[in-house]
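Each chain, letter by letter, is given below.
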Amino acid sequence: DFTSIVQFRHPNELGGMYWSFGFVMTMASLPVAITIYAEQGGAASVVSLALSLLYTLIPSTLVMFGVFFINIEKEYRHTFYSTERGKDLLIG
């Protein structure tokens, strides 16, 4: 899920480890995309704006995720790094 909306995530639909990996990859892909755009001759003003947003959005998203993670019930925390999927629950 590339949206990073934790409330839309459900451990029975998508394994927690897979969702967490997607979350990290989404955050890592933003600076890579900006760098590629800049190297391809993108407008300097657009690159500057994108980097400004990047330096604001990634830390704020990580802080909000951290606050959410601290505030959820402890018994649900394992679902963010579990490899169990909905398919495993149905078959197993």
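See the structure above.
Bear in mind that the values here come from a model prediction, so they are computed numbers and not experimental data. (Residues numbered from 1 in each chain as written. Predicted model: local features only at pLDDT ≥ 70, side-chain atom pairs only at ≥ 80, totals over all residues. Heavy atoms only, no water.)

A. Spatial organisation of the overall build of the chain. Along its length, the chain carries three helices and zero strands. When the helices and strands of the chain are listed from N to C terminus, the series reads α-α-α. Counting the 92 residues in the chain, one finds 23% classified as buried. Of the contacts formed within the chain by residues at least 6 apart in sequence, a portion of 60% connects residues at least 24 apart. Element-wise, carbon and sulfur atoms account for 68% of the exposed surface of the chain, whose accessible area totals about 6,700 Å². (Helix = DSSP H or I, 4+ residues; strand = E, 2+ residues; numbered from the N terminus. Buried < 20%, exposed > 50% of the residue type's maximum accessible area, 1.4 Å probe, protein only. Contact = heavy atoms within 4.5 Å. Areas by Shrake-Rupley, 256 points an atom, 1.4 Å probe, with all protein chains shown as cover.)

B. Main features of a nonpolar patch on the surface. A cluster of nonpolar side chains, contributed by L49, L53 and L57, occupies part of the molecular surface with about 290 Å² of accessible area. Within the secondary structure, L53 is located in helix α2 (residues 44–71). The exposure class of L53 is partly exposed, given its relative accessible area of 43%. (Patch = residues over 30% accessible without salt bridge, like charges linked within 9 Å, V, L, I, M, F, W, Y side chains within 5 Å. Salt bridge = Lys/Arg side-chain N within 4 Å of Asp/Glu carboxyl O.)

C. Structural context of α2. For α2, which comprises 28 residues, the first-to-last C-alpha distance of 40 Å matches the rise-based estimate of 40 Å (1.5 Å per residue) to within 8%. Among the residues of α2, those classed as buried are V47, L54, I58 and F65. Against α1 (16–39) lie the buried residues of α2. (Expected span 1.5 Å × (residues − 1).)

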